[in-house]
Amino acid sequence: MCPGNSNGPGPRRPCTALILPGGGARGAYQVGVLKAIGEMTANDVNPFPVICGTSAGAINAAVLASHAHEFTTALQRLERFWSSMHCDRVYRTDGWTVLKSGLRWAFSLALGGRFVSHPRSLLDNEPLRRFLGRTLQLDGINTAIERGVLRGLSITASGYSCASAISFYEAAKDVEPWQRARRLGQPAKIGVSHLLASAALPLLFPAELIGNEYFGDGGMRMLAPLSPAIHLGADRLLVISTRDERPDPRPATPVPYPSLGEIGGYLLDTIFMDTLNADLNRLKRINKTLDLVSEEKRRIGGLQRMESFVVRPSRDLREVTHEHMHEIPRAVRTLLRTLGGWGRDWRMASYLLFEEAYCQELIKLGFEDGMQKRKKILEFLS
């Protein structure tokens, strides 16, 4: 499906990809936008033959792909998934577990790694593994591909040993593996381990073993987040971002030294959004260059324009986090205070606040933003 025509050589049919970047708990915003798309298209047909996800976006992508042959059901499952969310469904929030993790880090540093095993992460996400294993129906991915309503799903994770971004994909038979600098496309039967690997936020969640290698969050090494969709055959890209792009004002007076929590939140922002924005800007420059090339030379060189459309939050999600800060479990709140990620900056907290009221508000915001862009989205999908 998508590339070429079933009747033989000819112009490519439009093939739209959905790209869902990471964002931890901010992934609920993507669900609201998708809900709006489902309402405005008003049918059960999957408008995205190619679906690509990273981190929390990988989980959303997997749910959509596994129900691509019943798109309305996919949206309903996603909304139920996020609307009833709690932190203890994603990571252990009991005081003893969080305290034990903190003490292990402290003793490991104090003893230079001797006598105490090196800590794997600040938080234990074993509850998420159990929850995904119970609720996901990943066999539906192959069903959707066989029925021709899905061309492919890509889940990207970062290999700690090979130091490359690996895009694990389950796709139509004509999709071939690819290799670029620090980027690989590898066929796989997508499972819960791929999703946990892609969502393994550095330091916060433990790395996931796939084959012989440990993997972490897919955004760490992915310098070209749009490329998996293109390799899967897409020529139009709809991106649902989890960050607004209004620049923060520069301080008028000296500010305190940045805490570990602030630096951690800053790094997560960089991992999830900055490389994506750089790739979108690169795509625009390439399109402008192609506009200067004749249609004949484009055809000879196998070159074509790649259209994109981005939906971004109309509010700074840190403000929403601040309004819901009381919902963060006490033990996690203590951890964030210890790291300095509480009070001055809400970036890190915004990625960890997996609570239903917060997620429901993000879904509502995403739905409103999607409906506000109704005309442009429908034109893009048409």
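Bear in mind the structure is a predicted one, so any value in this text is a computation, not a measurement. (Residues numbered from 1 in each chain as written. Predicted model: local features only at pLDDT ≥ 70, side-chain atom pairs only at ≥ 80, totals over all residues. Heavy atoms only, no water.)

Colleague: Quick question: what am I supposed to make of the nonpolar core here?
Modeller: The tendency in soluble globular proteins is for nonpolar side chains to be buried as a group. In this structure, Leu64, Trp82 and Leu132 are the most contacted members of the largest nonpolar core, which totals 109 residues. The biggest single contributor to this core is helix α1 (residues 27–41), with eight residues. When residues no more than four places from it in sequence are discounted, the contact partners of Leu64 are Leu18, Leu20, Leu34, Ile51, Phe71, Ala74, Leu75 and Leu78. (Core = buried A, V, L, I, M, F, W, Y, C linked by side-chain atoms within 4.5 Å. Buried < 20%, exposed > 50% of the residue type's maximum accessible area, 1.4 Å probe, protein only. Helix = DSSP H or I, 4+ residues; strand = E, 2+ residues; numbered from the N terminus. Contact = heavy atoms within 4.5 Å.)

Colleague: Please explain the environment of Glu361 as it appears in this structure.
Modeller: Within the secondary structure, Glu361 is located in helix α14 (residues 356–372). In sequence terms Glu361 and Gly53 are 308 residues apart; their C-alpha atoms lie 22 Å from each other. Residues contacting Glu361, with those up to four places away along its chain left out, are Arg315, Val320, Glu323 and His324. Among the polar contacts made by the side chain of Glu361, one reaches the side chain of His324 at a distance of 2.5 Å. (Polar contact = N/O pair within 3.5 Å; in protein donor to acceptor, adjacent residues only side chain to side chain.)

Colleague: What should I look at first to understand empty space enclosed by the protein in this one?
Modeller: To find the voids left in a structure, one rolls a probe of water-molecule size over its atoms. Following the criterion strictly, the structure yields two cavities of 30 Å³ or more and no others. In this model, the largest cavity occupies a volume close to 170 Å³. What lines the largest cavity is a set of 18 residues, and nearest its centre among them are Ile19, Pro21, Thr54, Met222 and Pro225. For the lining of the largest cavity, the leading source of residues is helix α9 (residues 260–290), giving four residues. Looking at side-chain class alone, the lining of the largest cavity contains 10 nonpolar, eight polar and no charged residues. As a volume, the second largest cavity reaches approximately 140 Å³. The wall of the second largest cavity is formed by 14 residues, among which Ala56, Ile59, Val90, Leu128 and Phe354 lie closest to the centre. Every element with two or more residues in the lining of the second largest cavity is listed here: α2 (56–66) and α3 (71–83). Tallied by class, the residues present in the lining of the second largest cavity amount to 11 nonpolar, three polar and no charged. (1 Å grid on protein atoms, 1.4 Å probe; cavity = no way out; pocket = protein on both sides within 12 Å on 5 of 7 lines; lining within 4 Å. Points joined across faces, edges and corners; volume = space filled by probe spheres on them. Nonpolar A, V, L, I, M, F, W, Y, C, P; charged D, E, K, R; others polar.)

Colleague: Explanation requested: the packing of aromatic side chains in the structure shown.
Modeller: Any aromatic ring pair is given by two values, namely how distant the centres are and how the planes are angled relative to each other. Taken as a whole and judged by the stated rule, the model has nine aromatic pairs. Seen from their ring centres, Tyr91 and Phe205 are 6.0 Å apart, and the 40° between their planes marks the pair as tilted. Taken together, the residues span a long stretch of sequence, with Tyr91 in the loop between α3 and α4 (95–110) and Phe205 in the loop between α7 (192–198) and β7 (208–210) at a distance of 114 residues. Accessibility expressed as a relative area gives 0% for Tyr91, which makes it buried. Among the residues examined, Phe205 registers a relative accessible area of 7% and is labelled buried. Through successive ring pairs, a cluster of aromatic residues spans Phe81, Trp82, Tyr91, Phe131, Phe205 and Phe354. In this structure, Arg26 is placed above the aromatic ring of Tyr351, and the distance from its NZ or CZ to the ring centre is 4.5 Å. Over the ring of Phe380 we find Arg236; its NZ or CZ atom is 5.7 Å from the centre of that ring. (Phe/Tyr/Trp six-rings, centres within 6.5 Å; stacked < 30°, edge-to-face > 60°. Lys NZ or Arg CZ within 6 Å of the ring centre and 35° of its normal.)

Colleague: Before we go on, may I ask you to explain the pattern of salt bridges in this structure?
Modeller: Proximity of charged atoms lets side chains of opposite charge pair with each other. Evaluation of the coordinates by the stated rule reveals 24 salt bridges. Ionic pairing is found between Asp174 and Arg151, a salt bridge with its closest N-O pair at 2.9 Å. With Asp174 in the loop between β4 (164–171) and β5 (178–180) and Arg151 in the loop between α6 (140–146) and β3 (152–159), this residue pair connects regions lying 23 residues apart in the sequence. A residue is classified by how much of its surface remains accessible, and Arg151, at 4% relative accessible area, is buried. Between Arg315 and Glu319 there is a salt bridge, with the nearest N and O atoms lying 3.7 Å from each other. (Salt bridge = Lys/Arg side-chain N within 4 Å of Asp/Glu carboxyl O.)

Colleague: What should I look at first to understand α9 in this one?
Modeller: Residues spaced three or four apart along an α-helix face the same direction, because each turn holds 3.6 residues. Given a rise of 1.5 Å per residue, 31 residues ought to cover 45 Å, and the 44 Å separating the end C-alpha atoms of α9 matches this to within 8%. At Thr270, α9 shows its largest kink, close to 40°. (Expected span 1.5 Å × (residues − 1). Bend = angle between axes of the 7 residues up to and from the residue.)

Without other data, these values stay purely geometric and don't point to any function.
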